[in-house]
Protein chains: 2
Amino acid sequence: MMTPNSNRLHIALFGRRNSGKSSLINALTGQDVALVSDTPGTTTDPVLKAMEIQGVGPCLFIDTPGYDDEGELGEMRMTRTLKAAEKTDIAILLCHPDMDKELQWLQRLKEKNIPVILLLNKADILEDAASIASVIKNKTGESPLIVSANTRQGMEDIRRAIIRRLPEDFDAQSITGKLVSAGDLVLLVMPQDIQAPKGRLILPQAQTLRELLDKKCIAVSCTTDQMEVTLQALSRPPKLIITDSQVFKTVYERKPAESKLTSFSVLFAAYKGDIGYYTASAATIGTLKETSRVLIAEACTHAPLSEDIGRVKLPRMLRQKIGEELQIDIVSGNDFPANPEKYDLIIQCGACMFNRKYVLSRIAQAKEQKVPMTNYGIAIAWLSGILDKIEF
Amino acid sequence: MMTPNSNRLHIALFGRRNSGKSSLINALTGQDVALVSDTPGTTTDPVLKAMEIQGVGPCLFIDTPGYDDEGELGEMRMTRTLKAAEKTDIAILLCHPDMDKELQWLQRLKEKNIPVILLLNKADILEDAASIASVIKNKTGESPLIVSANTRQGMEDIRRAIIRRLPEDFDAQSITGKLVSAGDLVLLVMPQDIQAPKGRLILPQAQTLRELLDKKCIAVSCTTDQMEVTLQALSRPPKLIITDSQVFKTVYERKPAESKLTSFSVLFAAYKGDIGYYTASAATIGTLKETSRVLIAEACTHAPLSEDIGRVKLPRMLRQKIGEELQIDIVSGNDFPANPEKYDLIIQCGACMFNRKYVLSRIAQAKEQKVPMTNYGIAIAWLSGILDKIEF
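The numbers attached to residues start from 1 for each chain and follow its sequence in the written order. Ligands are numbered from 1 and chains lettered from A, in the order in which they are written. Residues qualify for local features only when their pLDDT is at least 70, as the model is predicted, and side-chain atom pairs are given and counted only at 80 or more; totals for whole chains, interfaces and linings, by contrast, use all residues. In computing side-chain properties, one takes all heavy atoms of the structure into account and sets aside hydrogens as well as water.

1. Focus: the domain arrangement of chain A
Residues and elements named next belong to chain A.
Phase 1 of the analysis: Along its sequence, chain A is organised into domain 1 (5-165), domain 2 (185-267) and domain 3 (274-384).
Phase 2 of the analysis: Computed over C-alpha atoms only, the centres of domain 2 and domain 3 are separated by 24 Å.
Phase 3 of the analysis: Buried area: the accessible area, evaluated with a 1.4 Å probe, that two parts lose upon being put together, summed over both parts. For the pairing of domain 2 and domain 3, the buried interface totals around 1100 Å² over both sides, and the portion due to carbon and sulfur atoms is 65%.
Phase 4 of the analysis: We define a salt bridge as a contact between a side-chain nitrogen of Lys or Arg and a carboxyl oxygen of Asp or Glu at a distance within 4 Å. Applying the counting rule to domain 2 against domain 3 returns 0 salt bridges.
Phase 5 of the analysis: Distance and chemistry together define a polar contact, namely a pair of N or O atoms within 3.5 Å, with one atom able to donate a hydrogen and the other to accept it when in protein, and with adjacent residues in sequence counting only for side-chain atoms on both sides. Taken together, domain 2 and domain 3 are joined by 3 residue pairs in polar contact (both at pLDDT 80 or more).
Phase 6 of the analysis: Secondary structure elements are defined from DSSP: runs of H or I of at least 4 residues count as helices, runs of E of at least 2 residues count as strands, and each element is numbered from the N terminus. Those elements giving two or more residues to the side of domain 2 that touches domain 3 turn out to be helix H6 (203-214), helix H8 (248-254) and helix H9 (264-272).
Phase 7 of the analysis: Three categories are distinguished: nonpolar for Ala, Val, Leu, Ile, Met, Phe, Trp, Tyr, Cys and Pro, charged for Asp, Glu, Lys and Arg, and polar for the others, with Gly belonging to the last. Of the residues contributing to the side of domain 2 that touches domain 3, the split by class is 5 nonpolar, 6 polar and 2 charged. By convention here, the domain bounds are inherited from an automatic or database domain assignment.

2. Examining the relation of the copies chain A and chain B
Phase 1 of the analysis: Overlay of chain A on chain B (RMSD 0.1 Å): rotation 180 degrees, translation along the axis 0.0 Å. Such a combination of turn and shift is consistent with a two-fold rotation axis.
Phase 2 of the analysis: Here 100% of the interface residues in chain A have copies in chain B that are interface residues too; the copies meet face to matching face. The copies were overlaid with a least-squares fit restricted to C-alpha atoms from residues scoring a pLDDT of at least 70 in each copy. Note on contacts: a residue pair qualifies if any of its non-hydrogen atoms lie within 4.5 Å across the two residues.

3. Focus: the sheet that holds strand S15 (residues 373-375) of chain B
All names here are of chain B.
Phase 1 of the analysis: At least two bridges found by DSSP between two strands are what make those strands a pair. The 4 strands lie next to each other as S13-S12-S14-S15, forming an open sheet whose pairing is parallel. The sheet is open, and its two borders are formed by strand S13 (327-332) and S15, each paired with just one other strand. Averaged over all pairs of adjacent strands, the angle between their axes in this sheet comes to 25 degrees, without regard to strand direction.
Phase 2 of the analysis: Pairing analysis gives 6 bridges linking strand S12 (residues 293-298) to S13, with the strands arranged parallel. Axis geometry follows a simple rule: fit a line to the C-alpha atoms, using only the stretch in contact for helices, then measure angles between N-to-C directions, giving values from 0 to 180 degrees.

4. Observations concerning the interface of chain A and chain B
Phase 1 of the analysis: Facing the 45 residues of chain A at the interface are 45 residues of chain B.
Phase 2 of the analysis: Of the roughly 4000 Å² buried where chain A meets chain B, counting both sides, 59% is carbon and sulfur surface.
Phase 3 of the analysis: Viewed at the interface, chain B and chain A are joined by 2 salt bridges.
Phase 4 of the analysis: Linking Lys216(B) and Asp225(A) is a salt bridge whose minimum nitrogen-to-oxygen distance equals 3.2 Å.
Phase 5 of the analysis: Taken together, chain A and chain B are joined by 10 residue pairs in polar contact (both at pLDDT 80 or more).
Phase 6 of the analysis: Breaking the side of chain A that touches chain B down by element, the ones donating at least two residues are H6, strand S9 (218-222) and helix H7 (227-232) of chain A.

Quick look at the structure:
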């Protein structure tokens, strides 16, 4: 019943252990914002708190591990903190008077183009917060906000700082973009196969339908086998047909000439990724040999299903095209190789469970290492020979 | 991305503390079933584990507190265990050789018509499991399954026992029942107001749409203001219109004469409750006076919204009809008075977050105390004067 985490503004707190990151999140959630849900931390993920912030909307606070640990455990915490940075839309950095480690982190975050809010926490127990703040300003060029999770001093300043640093494209992101407008008739072809849990719609379908209703479109949904009777039930051809990528070709063959065609996964390629890089990279499929290596990256960590698209269908289509020996590695969830350069192609899922920032971090990594990267929908459209006939 | 908990078969484990309830759940989830998700226990709810069982489908295991505690804390645990029984589709009772407390619980569960599976756990460390089992059979008339969470002995027997005790109507439950069949055109009027979180569909809408697709219907979705252009975009009138209850009257006035009308909340009244009792009880609204007391029961525990149906809209409609002084109490989540007899009417929400068993337990309680009980959709239909014009 909540806004999906992947659609929330990701605000991560960085700082040493005991710098007060958790109490700060509690102070923010306890008073100024309505707590919606907690997700307990696991060994691989930092603690997450979803909430609404007035003037911002649905947010997700990420409580990263402190970064001042030594030894093996310290390294693991460091890796997790760096991983969190890949998803961060806005960073809150809790400053320590020494500022040595903090300056390093500030630089790391700025290199990733992440807007940073500097905080001087524990104002209620610091002897001279103002002079510490001026030292920090000398070192960073910026005055930190002086706050206290204990007394809640400065919580409203944090909220305003977040609003000032909202990424320009954060709320402007749209799944269907300029493809449809109010009053348009849109057909959604949604086979309810084994991948959709009983009684539920998968997230891209639910999110797309919600957006179409918000845009005042008329959204007609059917399964693949009912597509023809559905078209007959309409008094005009749909402006746009959005299909599950798995039946791209069937739907293309049955669609009215006037109707534009795309897929949920293709729309998510633009919504969550870099459609230009994805489409350019798709052509790489044609150059693959049996000795090539392909990486398939699946966001969901669900148990493999018998006809799973990432684990079964897409590998089968690729091997039919390239050869049975083609080496395909599959990673899921947050697993993604630090050095993907050994791959000739990366194929990312629709990534409805990831936030945009995280997918863009992966793409940046692929580009840096000159590895082509595409996504499920674009790859299937290319393999079906209709990539030039669909809408983005 | 999961089947909603409210749609899962609820299997609760009852037994003394340290009878091995949790390890048994772990044994079941670790090997024989695919673990989907954990929900950590809270002070008011028992621990829940959602998973798939082969041959059954999506289940929810409920790990109740042991019932052999003494003192104040023991009473709290007892209350929680009884509360869990109200949601239980199938009970697993872990037997103790003494069987004194167990016989009481067996009777309690049977009085609630809950099918019970008797287990003798810890078979690997019991000296003579077979003779203990025969003592239990003498006392209960039933042989317990002899199992061990440690060695996993008997896990498959448990699965088969669950399948044998599946409630007959468990999988037959349908939201739209006989109202629609394959190929039917169904219009869903879904205003995306403040109650729907950004980027999401509310559960009854998503569940109904999913069912319509499973039934091979053509599902057309629009917001209230687009209803007329949507009807024009169709080549025939919809067989059925399902609307959000809040705009029941508007939709009734605009609908084609041939189209049948119902609401999500009315469909859920039958799906999750007792439609006969709900509709009979709705007439009570006409007999209420300003001195009457009404209880509104809301399943969601979300923070109150400005135009919340249960907290704002329905009370306003009732007070407009009955008088400003009408006393309305609102409870949410699992809160429900043990003795609702002081109320003249109970109005339950659509209960999409509850399982059917739990709603039926509430209705049984209301009936026993001769308190009329209806739900949001039926109440709004009655207040809009169209209860006799809609479909169940």
